[in-house]
Amino acid sequence: MQLNPYLSFNGKCEAAFKFYEQCLGGKIGVILTYGSSPMAEQTPPEWRDKIMHARLTVGDEVLMGSDSPPEHYEETKGMSVSLNIELPEDAERIFRALSENGTVRMPLQETFWAARFGMLVDQFGIPWMVNCE
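Quantities reported herein were computed from a predicted structural model and do not represent experimental measurements.

Conventions adopted
Residues numbered from 1 in each chain as written. Predicted model: local features only at pLDDT ≥ 70, side-chain atom pairs only at ≥ 80, totals over all residues. Heavy atoms only, no water. Helix = DSSP H or I, 4+ residues; strand = E, 2+ residues; numbered from the N terminus. Buried < 20%, exposed > 50% of the residue type's maximum accessible area, 1.4 Å probe, protein only. Contact = heavy atoms within 4.5 Å. Expected span 1.5 Å × (residues − 1). Arc of directions from axis to C-beta. Pairing = 2+ DSSP bridges. Axes fitted to C-alpha atoms, helices over the stretch in contact; angles between N-to-C directions. Phe/Tyr/Trp six-rings, centres within 6.5 Å; stacked < 30°, edge-to-face > 60°. Salt bridge = Lys/Arg side-chain N within 4 Å of Asp/Glu carboxyl O.

### Concerning the environment of Lys 12
Consideration 1: Within the secondary structure layout, Lys 12 lies in the loop between strand E1 (6–9) and helix H1 (13–24).
Consideration 2: The class of Lys 12 is partly exposed, set by a relative accessible area of 47%.
Consideration 3: Separated by 63 residues in the primary sequence, Lys 12 and Glu 75 place their C-alpha atoms 13 Å from one another.
Consideration 4: Once residues within four sequence positions are removed from consideration, Lys 12 is found in contact with Asp 67 and Phe 124.

### Thoughts on H1
Consideration 1: The first and last C-alpha atoms of H1 sit 16 Å apart over twelve residues, in line with the 16 Å expected at 1.5 Å per residue.
Consideration 2: Regarding H1, the residues found buried are Cys 13, Ala 16, Phe 17, Phe 19, Tyr 20, Cys 23 and Leu 24. Projected onto a plane normal to the axis of H1, the buried residues spread over an arc of 160° and lie on a single side.
Consideration 3: At the C-terminal side of H1, Gly 25 shows a positive phi close to 70°.

### Focus: the sheet that holds strand E4 (residues 61–67)
Hydrogen bonds between backbone atoms are what pair the strands of a sheet, whose relative direction is either parallel or antiparallel.
Consideration 1: An order of E1-E4-E3-E2 is seen for the four strands of this open sheet, with the pairing classed as mixed. In this open sheet, the two edge strands, each paired with only one partner strand, are E1 and strand E2 (27–33). Across the sheet, the mean angle separating the axes of adjacent strands is 15° when strand polarity is ignored.

### Let's talk about the packing of aromatic side chains
Consideration 1: For the structure shown, the criterion picks out ten aromatic pairs.
Consideration 2: With centroids separated by 6.2 Å and ring planes inclined at 80°, the aromatic side chains of Phe 9 and Phe 17 adopt a geometry described as edge-to-face.
Consideration 3: A residue is classified by how much of its surface remains accessible, and Phe 9, at 1% relative accessible area, is buried.
Consideration 4: Assessed through its relative accessible area of 0%, Phe 17 is described here as buried.
Consideration 5: Taken together, Phe 9, Phe 17, Phe 19, Tyr 20, Phe 124 and Trp 128 form an aromatic cluster joined through their ring pairs.

### Concerning the pattern of salt bridges
Consideration 1: Counted by the stated rule, this structure contains three salt bridges.
Consideration 2: In this structure, Asp 90 and Arg 93 form a salt bridge, with 3.5 Å as the shortest nitrogen-oxygen distance. With a gap of three residues between them, Asp 90 and Arg 93 both fall in helix H2 (residues 88–98), about one helical turn apart.
Consideration 3: When its relative accessible area of 25% is taken as the criterion, Asp 90 is described as partly exposed.
Consideration 4: A salt bridge links Arg 116 to Glu 92; the shortest N-O distance between them is 2.7 Å. Of the two residues, Arg 116 is situated in strand E7 (residues 116–121) and Glu 92 in helix H2; the sequence distance between them amounts to 24 residues.

So this is what it looks like as structure tokens:
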């Protein structure tokens, strides 16, 4: 079994996944638009370039997401994507990159359980926790 986060966006999935690819050093394997799917004819023209499914691989881990139609989109609440990073300098670099144009909820710092820990909400509204033990 594999457990993977699946993120919902309000029309910004492609931009978010390109941002995550850069920040996390991953590789986008799939970006499927509504317009390139069998549902293209049932999709409003202004929504055809939005993302039906995206998949980003970082090492052995997978992050997936899509754009939710406006009538189904809900802001992300009650969860965070947690990154566990081995080296403090990598944690600092990734935290700094993800927080660009976002909101830092807890600055990356040493804690009693970790060499570095911090929390942020990125520019796309996704909450992240960065942990380096």
